[in-house]
Amino acid sequence: MMQISFYVLSESKAQDFLGFICQLTQTALNKSSQSLLILAENEALLSDFDEALWVQDASSFIPHQRLIANENTVDNIGSSIAPVLLGAYLPAEFNGIVINTTSRPVNDFITATSNTQPARVLEIIKPDDASVQDGRVKYKRYQQLGYELTHFKV
């Protein structure tokens, strides 16, 4: 059964959104041997994540690579050299951890991809009205599907 964790950000965490995502990514990597995908809907945000993962901490680097929809990355996902992927879609046969920064439930992305079943999803909820409303919709959807749900205020 897929585990879904909701991270409801405080104003201060939301102001350092990229820093929080980098910190969460590093924590997830430290606690698991699974690959991780940061899911974002727009290229500008993916570029911001790409840059932030390079410069997050002078003493550490989070190895990552971007998924390009036009490339045949579906076949190459098994041979990915980076533990962290950045993309606007779920690659086929992905079964790691997803940090979802989109407004849509991960299931919307799963239905468009073959043999994909993330082990865990980390949903990020910012303290603005639109993000909170999207979070409620996602929560209800996941609850209806019988997923294991947890909730953290950070």
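Look a little higher up for the structure.
Positions within a chain are numbered from 1, following the residues in the order the chain's sequence is written. A pLDDT threshold of at least 70 governs which residues receive local features in this predicted model, and a stricter bar of 80 or more applies before side-chain atom pairs are shown or counted, although totals over entire chains, interfaces and linings include all residues. Note that the side-chain values use all heavy atoms of the structure and ignore hydrogens as well as water.

## Description of the overall build of the protein
Our working definition: Comment: elements are numbered from the N terminus, with helices defined as DSSP H or I runs of at least four residues and strands as E runs of at least two. For the exposure calls, accessible area comes from a 1.4 Å probe over protein chains only, and a residue counts as buried if that area is under 20% of its type's maximum, exposed if over 50%, partly exposed in between. Here, residues are in contact when the closest pair of their heavy atoms is within 4.5 Å. Only the protein chains shown count as cover for residues, with accessible areas throughout obtained via the Shrake-Rupley method and a probe of 1.4 Å.
Secondary structure assignment for the protein yields 6 helices and 7 strands. N-terminal to C-terminal, the α/β element order of the protein is β-α-α-β-α-β-α-β-β-α-β-α-β. Relative to its 154 residues, the protein shows a buried fraction of 42%. Residue pairs at least 24 apart in sequence account for 63% of intrachain contacts in the protein once pairs closer than 6 positions are excluded. Accessible surface for the protein amounts to roughly 8,200 Å². Of this, 48% is attributable to carbon and sulfur atoms.

## Remarks on the nonpolar core
To keep things clear, this is the line we draw: Here, nonpolar core refers to any group of buried Ala, Val, Leu, Ile, Met, Phe, Trp, Tyr and Cys residues whose side-chain atoms link them within 4.5 Å.
Ranked by size, the top nonpolar core spans 25 residues in total, and within it Ile-21, Leu-36, Ile-38, Phe-49, Val-84, Ile-99 and Ile-124 carry the most contacts. Elements with a contribution of two residues or more to this core: helix 2 (17–31), strand 2 (36–39), helix 3 (43–55), strand 4 (84–87), strand 5 (97–100) and strand 6 (120–125). No other element matches helix 2, which puts 7 residues into this core. Ignoring anything within four residues of it in the chain, the contact list for Ile-38 reads Ile-21, Thr-25, Leu-46, Phe-49, Leu-53, Val-84, Leu-85, Leu-86, Gly-87 and Ile-99. Core analysis: the second largest hydrophobic core is formed by 17 residues, Leu-39, Leu-85, Phe-94 and Tyr-142 among them.

## Observations regarding the packing of helix 2 against helix 3
Under the convention used in this document: Think of each axis as a best-fit line through the C-alpha atoms, taken over the contacting stretch in the case of a helix, with angles from 0 to 180 degrees between the N-to-C directions. Any angle that falls under 35 degrees is termed roughly parallel, while one over 145 is termed roughly antiparallel, one within 65 to 115 roughly perpendicular, and all others oblique. Should the near helix be turned anticlockwise from the far one by less than a right angle, the crossing is termed left-handed; should it be turned clockwise, right-handed. Only Asp, Glu, Lys and Arg are considered charged in this grouping, and only Ala, Val, Leu, Ile, Met, Phe, Trp, Tyr, Cys and Pro are considered nonpolar; every other residue, Gly among them, is considered polar.
Between helix 2 and helix 3, the least distance of the axes is 10 Å, while the angle of their chain directions is 60°. Looking at the two axes, helix 2 sits oblique to helix 3. In this structure, the crossing between helix 2 and helix 3 has a hand that is right-handed. Side by side, helix 2 and helix 3 meet where Phe-17, Leu-18, Ile-21, Cys-22 and Thr-25 of the first sit next to Leu-45, Asp-48, Phe-49, Ala-52 and Leu-53 of the second. In the contact of helix 2 with helix 3, the residues fall into 8 nonpolar, 1 polar and 1 charged.

## Some points on the pattern of salt bridges
Rules: Salt bridge criterion: a side-chain nitrogen from Lys or Arg within 4 Å of a carboxyl oxygen from Asp or Glu.
For the structure shown, the criterion picks out 5 salt bridges. Put simply, Glu-123 and Lys-138 hold a salt bridge, and the shortest N to O gap is 2.6 Å. On the criterion of sequence distance, the pair formed by Glu-123 in strand 6 and Lys-138 in helix 6 (residues 129–144) is long-range, its members being 15 residues apart. By relative accessible area, Lys-138 is classed as buried at 1%. Within this structure, Glu-41, Arg-104, Asp-108 and Arg-141 form a network of salt bridges that share partners.

## Digging into helix 2
Where we set the bar: Expected helix span is given by 1.5 Å per residue-to-residue step, counting one fewer step than there are residues.
Counted at 1.5 Å a residue, the expected span for helix 2 with its 15 residues is 21 Å, and the 21 Å between its end C-alpha atoms agrees. The set of residues buried in helix 2 consists of Phe-17, Gly-19, Phe-20, Ile-21, Cys-22, Leu-24, Thr-25, Ala-28 and Leu-29.

## A short note on the sheet that holds strand 3 (residues 64–66)
We apply this condition: The rule for pairing is simple: two strands pair if DSSP sees at least two bridges between them.
With respect to topology, 7 strands assemble into an open sheet ordered 3-4-2-5-6-1-7, the strand pairing being parallel. Across the chains shown, the open sheet's two edge strands, defined by having one partner strand only, are strand 3 and strand 7 (148–153). For this sheet the average axis-to-axis angle between neighbouring strands, irrespective of direction, equals 20°. Contacting strand 2, strand 3 and strand 4, helix 3 crosses the sheet at an angle of about 160° to strand 3.

## Section: the pairing of strand 4
The side-chain alternation of strand 4 yields two buried faces, one formed by Val-84 and Leu-86 and the other by Leu-85 and Gly-87. Where strand 2 meets strand 4, 4 bridges bridge the pair, whose relative direction is parallel. Across the sheet, the residue bridging to Ile-38 is Leu-86, located in strand 4. The pairing of strand 3 with strand 4 spans 3 bridges and is classified as parallel. Within the sheet, the bridge partner assigned to Gln-65 lies in strand 4 and is Leu-85.

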